[in-house]
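Results of the structural survey
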Amino acid sequence: TGVFLDPPYAEGNQQYAAGGNDTADVARDVWQWACENGDNKLLRIVVSGYEDGRPMPPGWTAQRWKAKKGYQLTDEAVANSAREVIWISPHCVGGRQASLFGEE
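Residues numbered from 1 in each chain as written. Predicted model: local features only at pLDDT ≥ 70, side-chain atom pairs only at ≥ 80, totals over all residues. Heavy atoms only, no water.

What follows covers the overall build of the protein. The helix and strand tally for the protein stands at two helices and four strands. Put simply, the protein runs from its N terminus to its C terminus through helices and strands in the order β-α-β-β-α-β. Taking all contacts inside the protein whose residues are at least 6 apart in sequence as the whole, residues at least 24 apart take part in 64%. Of the roughly 7,000 Å² of accessible surface on the protein, a fraction of 53% belongs to carbon and sulfur atoms. (Helix = DSSP H or I, 4+ residues; strand = E, 2+ residues; numbered from the N terminus. Contact = heavy atoms within 4.5 Å. Areas by Shrake-Rupley, 256 points an atom, 1.4 Å probe, with all protein chains shown as cover.)

A separate point is the sheet that holds strand β4 (residues 84-88). For sheets, the rule is that strands pair by backbone hydrogen bonds, running either parallel or antiparallel. Read across the sheet, four strands follow the order β1-β2-β4-β3 without closing on themselves; strand pairing throughout is mixed. Edge strands, defined here as strands with exactly one partner in the open sheet, are β1 (2-5) and β3 (61-64). Pairwise comparison of adjacent strand axes, ignoring direction, gives a mean angle of 20° for this sheet. Summarising the sheet, β1 and strand β2 (residues 44-50) pair through four bridges and their orientation is parallel. Bridge assignment links Gly 2 to a residue of β2, and that residue is Arg 44. (Pairing = 2+ DSSP bridges. Axes fitted to C-alpha atoms, helices over the stretch in contact; angles between N-to-C directions.)

Here the focus is the packing of aromatic side chains. The description of an aromatic ring pair uses the distance of the two centres, along with the angle that the planes make with each other. The final tally for this structure, using the stated rule, is two aromatic pairs. Grouped by ring-pair contacts, the aromatic residues Trp 31, Trp 60 and Trp 87 constitute a single cluster. Lying across the ring of Trp 31, Arg 54 places its NZ or CZ 4.6 Å from the centre. Looking at Arg 54, its charged tip hangs above the ring of Trp 87, at a distance of 4.0 Å from the centre. (Phe/Tyr/Trp six-rings, centres within 6.5 Å; stacked < 30°, edge-to-face > 60°. Lys NZ or Arg CZ within 6 Å of the ring centre and 35° of its normal.)

To continue, consider the nonpolar core. Judged by nonpolar contacts, Val 3, Leu 5, Val 30, Trp 31, Ala 34, Leu 43, Ile 45, Val 47, Trp 60, Val 85 and Trp 87 together constitute the single largest core of eleven residues. Looking at this core, the elements with two or more residues in it are β1, α1 (24-37), β2 and β4. Element by element, the count of residues in this core is highest for α1, at three residues. In this view, Leu 5 contacts Val 30, Trp 33, Ala 34, Ile 45, Val 46, Val 47 and Ser 48; residues no more than four positions away in its chain are not counted. (Core = buried A, V, L, I, M, F, W, Y, C linked by side-chain atoms within 4.5 Å. Buried < 20%, exposed > 50% of the residue type's maximum accessible area, 1.4 Å probe, protein only.)

It is worth spelling out the pairing of β4 at this point. For β4, a buried count of five out of five residues is recorded, marking the element as mostly surrounded by other parts of the structure. A two-sided burial pattern is seen for β4, the buried positions comprising Glu 84, Ile 86 and Ile 88 on one face and Val 85 and Trp 87 on the other. As defined by bridge partners, β2 adjoins β4 across five bridges and the pair is classed as antiparallel. Bridging from a neighbouring strand, Ser 48 pairs with Ile 86 of β4. Bridge count between β3 and β4: four bridges; the pairing is antiparallel.

Time to look at the confidence of the model for the protein. Low-pLDDT stretches of the model should not have their predicted coordinates read in fine detail. Across the protein, the average pLDDT comes to 78, with 65% of residues at or above 70. Of all helices and strands in the protein, the one with the weakest mean pLDDT is helix α2 (residues 75-81) (68), whereas β1 scores best (96). (pLDDT = per-residue confidence, 0-100.)

Structure representation (structure tokens):
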């Protein structure tokens, strides 16, 4: 089973929910669930977020990428576009050899 998780990022002023980014706990809980289930051979888990120095579980890989211009044209949005990461659990097909964005 493939599971792609793209929670509201734990920082910034995104409007994923009414009232702004009061959803930082969601990103933390999603990451915790993914780490706890990453060794499950029946799950292929991918989590998106900002590079923030979090420890990556053994066997996971990180695919860094740079987001294109979005709705915001602020200095913060430009800086954060280079922090985008997709963390890939060990049982995803292709592992380290796979590139999600066609880049080697």
